[in-house]
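# Structure assessment
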Amino acid sequence: MVKYIGKRIVYMFITLVLIATASFFLMQTLPGSPIASYSKLNDTQKAIVEKKYGIDKPKPVQYAIYMKNLAKGDLGTSFAFKGKSVNDLLASRLKPSLILGAQAMVFGTLVGILLGMLAALKQNTFWDYGSTFFAILGISIPSFVFASLLQYWIASEWQLLPVGLWNDGWKSSVLPSLALAMGPLALSARFIRTEMIEVLSSDYITLARAKGANGFEIAFKHAFRNALIPLITVLGPLAAGLVTGSLVVEQIFAIPGIGEQFVSSIMVNDHATIMGTTLLFSVFLIVVIFIVDILYGVIDPRIRLSGGKG
Amino acid sequence: MRKEFEIEQLPQEDFERITIDSDKAERIEKPSLSFWQDAWLRLRKNKAAIVSVFVLVLIVLMALIGPHLNGHAGDAQNLRHANLPPKIPGIEQMGIFDGVGNLGGKKVDLYEMKKVDEYYWFGTDGLGRDLFTRLWLGTQVSLFIAFVAAAIDVVIGVAYGLISGYFGGRTDDIMQRIVEVLIGIPTLVVVILMIMIMKPGITAIIIAITITGWIGMSRIVRAQTLKYKSQEFVLASRTLGSKDGKIVTKHILPNMLGIIIINTMFTIPNAIFFEAFLSFIGIGLQPPAASLGTLINDGYKVMEHQSYVLLFPALVISILMIAFNLIGDGLRDALDPKMKD
């Protein structure tokens, strides 16, 4: 186990170094220049600006400096927000994204689990078909389509909730969270349904039934727990989906979060911020997948982590 | 006793003496079904999948012939005809799609007001381009990107997985270490970085989607190869003198076609999503090219007053994704031998 965790940490480290290196050199080949917005400067002024941001040095030197700062946790200085460090920029935008992500995750998985259980317990009835259809919709309809429709009907037509921005307390977070929650909801509903049906047909459930346990007890006390374990495996894809979703959903609802920052940095060629956000997303996803793998081994001891196959 | 009596009354000539023919004892009455016939029988029972196949065929057909149906070109601008709501001959009498739109809060027949005689079935955009034609042109582009990306994923993924699994040893070790590092990189991040350094366009999107897309397929194919390569039929073929290439293509690959097909069916909607996603946040296809993503982006901008611009591409992409997912589910149930009852 310790050996496995050690090996995984080494891989995570290599992956991150690779991502940092790749994004650094990819940034250099970008067609736009970060100081393009300073176009009215003459050559001397340009040289001063370039010197200030350290982009006058040769590329390998820049790379070495960047990696050295990165090791200290310093993501560099933003070009677009003059002189502001990327760390501060991202830190100031972390809160809305975290709130939205957490709300979407909790709401989505809870409702998804309930829907999935309902479908499994009432297999081949109206409830089953209804929730299965709902899950297919959730998986199929792109988050930005769903978000636009929510914004159009609920915020714009019926004016029940704010159209966007982050200045109306909890109300601002309802629609974006809902839009983000569709993915986790649909995925967990489908997953729990399959697992519950399998568990419900196993011998120990028959035994519990033979001993006279009632339906409620069987569903929640016996079946549910075992059906829940495999749900951990989809946490990785769920987290990835949330990050992808947050880019567009934050954009649509004008939420000052990390996703919105990423998209707008791309638009203005703010290299340092793009690299910083890329790394932040990567660290988040890699750590989630790592935790999932470890958790899975802890919860279900039948899974041998040291096995090399698969 | 009455019954026996009745039986004796039955005419003798209606009966024929039969003997047990030991040659036919082993004969199988039902025709034997191949794997694919069996799969087709099961797929046919899945109504959702069959309906989805028809819907999908319909959308593909419309993507091909739709742009030529009403005589408007997809990039022809006519500012006099800008921002017209949908108007369809025949249905207009029913009070929908009758060319009535909002103008300063009042319902006005914009076609009458602007003296337009033509019909724009799904309306026009801010530049007066016909949205019906553009919708199907966009669908064409989105489907093209999705199919090409999926095909490349399959080719690379299958080849990589087969080589890694079949040859094993040092080759496998090196190839799997590469995969282990690559799989840690979030798809979204790679796709966006790749798209940023390339000239925006169809090729850039396809390359961006395929650059990590093949990894899932390669892992599945490798696991399957490992399973099959140690089985007797492979050993038999090798004993009879088959070369590696023949064993892989004739014996191992056909056995996992089912799993490859299932996986491809889930790759395609994924590619459609990523294309639309990239175009929606503005780094995918650039105007005047149309794809479902750019059309949704255009529609989103004017959603407040002309919701029809958003509605139709949003509907098409949703139906397309639902159809692919349902077909994928159906194929998985039909082709996966583990589900066999």
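Computed from a predicted model, the values in this text were never measured in an experiment. (Residues numbered from 1 in each chain as written. Chains lettered and ligands numbered in written order. Predicted model: local features only at pLDDT ≥ 70, side-chain atom pairs only at ≥ 80, totals over all residues.)

Scanning chain B for helices and strands turns up 13 helices and two strands. Buried positions account for 40% of the 341 residues belonging to chain B. (Helix = DSSP H or I, 4+ residues; strand = E, 2+ residues; numbered from the N terminus. Buried ≥ 20, exposed ≤ 12 C-beta atoms within 10 Å, placed from the backbone.)

Turning to the overall build of chain A, a few remarks are in order. When helices and strands are tallied, chain A shows 12 helices and zero strands. Mapped from its N terminus to its C terminus, chain A presents α and β elements in the order α-α-α-α-α-α-α-α-α-α-α-α. Relative to its full complement of 310 residues, chain A shows a buried share of 37%. A sequence separation of at least 24 residues applies to 73% of the contacts in chain A between residues at least 6 apart. (Contact = placed C-beta atoms within 7 Å.)

Counting 125 residues, the largest nonpolar core has A:A179, A:V248, B:A271, B:I272, B:I296 and B:I317 as the members making the most contacts within it. Sort the elements by how many residues they give to this core and helix α13 (residues 307-335) of chain B lands first, with 16 residues. Excluding residues within four positions of it along the chain, A:A179 makes contact with A:S143, A:F146, A:A147, A:L150 and A:V249. In terms of nonpolar packing, the next biggest core, distinct from the first, is built from 11 residues, B:Y160, B:L162, B:M217 and B:I252 among them. (Core = buried A, V, L, I, M, F, W, Y, C linked by C-beta atoms within 7 Å.)

Each side of the interface is counted separately: chain A has 36 residues, and chain B has 31 residues. Taken together, the elements giving at least two residues each to the side of chain A that touches chain B come down to α1 (2-28), α5 (126-140), α6 (143-157), α10 (235-252), α11 (258-267) and α12 (271-299) of chain A. In terms of residues, the side of chain A that touches chain B owes the most to one element, α1(A), which gives eight residues. By residue class, the composition of the side of chain A that touches chain B is 25 nonpolar, 11 polar and no charged. (Nonpolar A, V, L, I, M, F, W, Y, C, P; charged D, E, K, R; others polar.)

All names here are of chain B. Where helix α9 (residues 232-239) contacts helix α10 (residues 244-252), the two axes come as close as 11 Å, and the packing angle between them is 140 degrees. With respect to their mutual orientation, α9 and α10 come out oblique. For the pair α9 and α10, the sense of crossing is right-handed. Contacts from F233, V234, S237 and R238 of α9 reach α10 at I247, H251 and I252. Its residues assigned to classes, the contact of α9 with α10 comprises four nonpolar, two polar and one charged. (Axes fitted to C-alpha atoms, helices over the stretch in contact; angles between N-to-C directions. Parallel < 35°, antiparallel > 145°, perpendicular 65-115°, else oblique. Left-handed = near helix turned anticlockwise from the far one by under 90°.)

Any region with low pLDDT has predicted coordinates that should not be read closely. Averaged over all residues, the pLDDT of chain B equals 79, while 82% of them reach at least 70. Across the predicted assembly, pTM comes out at 0.79 and ipTM at 0.77. (pLDDT = per-residue confidence, 0-100.)

Looking now at the packing of helix α7 (residues 187-197) of chain B against helix α8 (residues 202-229) of chain B. All names here are of chain B. α8 packs onto α7 with a crossing angle of 150 degrees between their chain directions and a minimal axis gap of 9 Å. Considered as vectors, α7 and α8 are oriented roughly antiparallel to each other. Pair α7 / α8 crosses with right-handed handedness. Here T187, V190, V191, M194 and I195 of α7 lie close against α8, whose contacting residues are A204, I205, I207, A208, I209, I211 and T212. Its residues assigned to classes, the contact of α7 with α8 shows 10 nonpolar, two polar and no charged.

Moving on, we come to the environment of A:F79. Tracing the backbone shows A:F79 in the loop between α3 (59-71) and α4 (86-121). The exposure class of A:F79 is buried, given the 26 C-beta atoms found within 10 Å.

Turning next to the environment of A:F81. Its place among the elements puts A:F81 in the loop between α3 and α4. Along the primary structure A:F81 and A:T273 are separated by 192 residues, whereas in three dimensions their C-alpha atoms are 9.7 Å apart.

Residue and element names in this part refer to chain A. Within the chain, A254 stands out as a residue other than glycine whose phi angle is a positive 50 degrees. Assignment of secondary structure puts A254 in the loop between α10 and α11. Given 15 C-beta atoms within 10 Å, A254 falls into the partly exposed group.

A separate point is the confidence of the model for chain A. Residues and elements named next belong to chain A. With 87% of its residues at a pLDDT of 70 or more, chain A shows a mean pLDDT of 78. Mean pLDDT across the secondary structure elements of chain A bottoms out at helix α2 (residues 43-52), with 73, and peaks at α5, with 85. Low pLDDT, under 50, characterises residues 306-310; the stretch is placed with three contacts to residues that sit more than four places away or in other chains.

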